[in-house]
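# Observations on the three-dimensional arrangement
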Amino acid sequence: MRKGQNPAKFVKDVAKPERITVALLNYIPFLSGFYAETLDVLKVSLDSMRKDAGLPFDLMVFDNGSCEEVREYLVNEKEEGRIQYLILSEKNMGKGGAWNVMLAGAPGEIIAYTDADVLFSPNWLSRSVELLETFPNVGMVTARPFRTSPELYTSTQEWARNAVGATLEEGQFIPWETFLEFNLSLGQTEEENKKIYAETRDWRLSYKGVTAIAGASHWQFTAYKSTLQQFLPFDMDKPMGQVRQLDKRMNDAGLLRLMVSDPLAMNMSNTLGYLRGELKKEERRKKVGVGKRVLEFPPIKKILLAVYNKIFSWYYS
């Protein structure tokens, strides 16, 4: 039997969420090997996104079954008021499963999604929202220009060719240094990227005085929640490797996929090497010994990565 009246009945106002929810997905199963620096990477990512984003936002973090040390850090961030919404999953639901929860449950009208290894620069959010609100029928905006698969932004090109007031240009608009630093962060070499850069081009759009680069990507994007809900739920049976279906489905739906013209987001991957300057060619050569260079020889590196991936899949299963 109830005793007395619930005091909540007399509360006249409730907190309202910010218009924008930044949604971060994290997974760190242990703090050794591949994941040795990933908690530090996560901390840097969170600090950088909060520093002069250009617009207010609430932060949602979905942790996909990380180890105890990581969960304790996230709970403390929540208790200190630096995370507004924290979801701790008991098991790894994969990226698709996490997206189904995050993109449906985030309270903001606009969702800015990010992986947990992204380094942000000032105004990354305001610049992304500017494109989202200026161009019509936008599916997603990534806060960095880089070269993506042309077949994933054909709808963007078609719109720009036919829309009144829009211009579309083909050329080398992404500077070599900007192009290279991102691809180096993915484990690629400078030599292989020289050929790629020379043989590929960018597509630059202008509309109502605002410039964008055609393309976007699933690792970081800003979108209207109502748009994202058109593609829910995602059916992915693996923890990684199937996320390009969002890119493809958006393009197939005729939505624009855009990138800001300046590099305001950077992939750090699983180390803080980018901040230590390890992506610079000269410093890499000074630090890397003969044995390491042998291991980085493409055929050998490919075999070792295949073995590593197999071991990780055994661990995960």
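Note that this is a predicted model, so its numbers are computed, not measured. The residue numbers shown here count from 1 along each chain, following its written sequence. Only residues with pLDDT of 70 or above have their local features reported here, since the model is predicted, and side-chain atom pairs are shown and tallied only from 80 upward, although totals for entire chains, interfaces and linings are computed over all residues. Only hydrogens and water are set aside when side-chain values are computed; all heavy atoms of the structure are taken into account.

A few words on the nonpolar core. Nine residue types can take part in a nonpolar core, namely buried Ala, Val, Leu, Ile, Met, Phe, Trp, Tyr and Cys, and a core is a set of them joined through side-chain atoms within 4.5 Å. Note on exposure labels: buried denotes an accessible area under 20% of the residue type's maximum, exposed denotes more than 50%, and partly exposed covers the range between, all computed with a 1.4 Å probe on protein chains only. By size, the foremost hydrophobic cluster in this structure holds 58 residues, and its most contacted members are Leu42, Met49, Trp124, Leu125, Phe135, Trp159 and Leu258. Listed in part, the 23 residues of the second largest apolar core include Leu25, Leu103, Tyr113 and Phe231.

Just to be clear on terms, a salt bridge is a Lys or Arg side-chain nitrogen sitting within 4 Å of an Asp or Glu carboxyl oxygen. Within this structure, the stated rule accounts for 17 salt bridges. Linking Arg144 and Glu181 is a salt bridge whose minimum nitrogen-to-oxygen distance equals 2.9 Å. Placement of Arg144 in the loop between β6 (138-142) and α5 (154-162) and of Glu181 in helix α6 (residues 176-185) is noted, with a sequence separation of 37 residues between them. Each of Asp47, Arg50, Glu77 and Arg82 takes part in one network of salt bridges that share partners. The helix count covers DSSP runs of H or I at least four residues long, the strand count covers runs of E at least two residues long, and both are numbered beginning at the N terminus.

A few words now on the pairing of strand β2 (residues 58-63). Burial runs high along β2: six of the six residues are buried. Here β2 shows a buried face lined by Asp58, Met60 and Phe62 and a second buried face lined by Leu59, Val61 and Asp63. At least two bridges found by DSSP between two strands is the condition for calling them paired. As defined by bridge partners, strand β1 (residues 20-26) adjoins β2 across six bridges and the pair is classed as parallel. Looking at β2, one finds that Ala23 is bridged to Met60. When the strands point away from the viewer and the connection leading from the first strand across the helix to the second strand turns clockwise, the crossover is called right-handed. In terms of handedness, the path from β1 via helix α1 (residues 38-50) over to β2 forms a crossover that is right-handed. Looking at chain direction, β2 and strand β3 (residues 85-88) are connected through four bridges and run parallel. Looking across to β3, one finds that Asp63 is bridged to Leu88. The parallel pair β2 and β3 is bridged by helix α2 (residues 68-79), and the resulting crossover is right-handed.

Below, the discussion takes up the environment of Leu186. Structurally, Leu186 can be placed in the loop between α6 and α7 (190-199). We classify Leu186 as partly exposed; its relative accessible area is 48%. Leu186 sits 83 residues away from Ser269 along the chain, and the two C-alpha atoms are 7.2 Å apart.

Here the aromatic set is Phe, Tyr and Trp, taking the six-membered ring for Trp, and pairing holds for ring centres within 6.5 Å; pairs whose planes are under 30 degrees apart are stacked, those over 60 apart are edge-to-face, and all others are tilted. Enumeration over the complete set of coordinates arrives at 17 aromatic pairs. Summarising the aromatic geometry, the rings of Trp99 and Phe221 are spaced 6.0 Å apart at their centres and angled 85° between planes, so their arrangement reads as edge-to-face. One end of the pair, Trp99, is in helix α3 (residues 94-105); the other, Phe221, is in strand β10 (residues 220-224), and 122 residues separate them in sequence. Like Phe221, Trp99 is buried.

All right, on to the pairing of strand β9 (residues 210-214) then. Across the five residues that make up β9, a large majority, four, are buried. In terms of strand pairing, strand β8 (residues 202-207) meets β9 through four bridges, oriented antiparallel. Looking across to β9, one finds that Tyr207 is bridged to Val210. Taking the residues between adjacent antiparallel strands as the criterion, β8 and β9 are bridged by two residues, where Lys208 takes a positive phi near 55°. Inspection of the sheet shows β9 paired to strand β11 (residues 256-259) by two bridges, in the antiparallel sense. The residue of β11 that forms the bridge with Ile213 is Met259.

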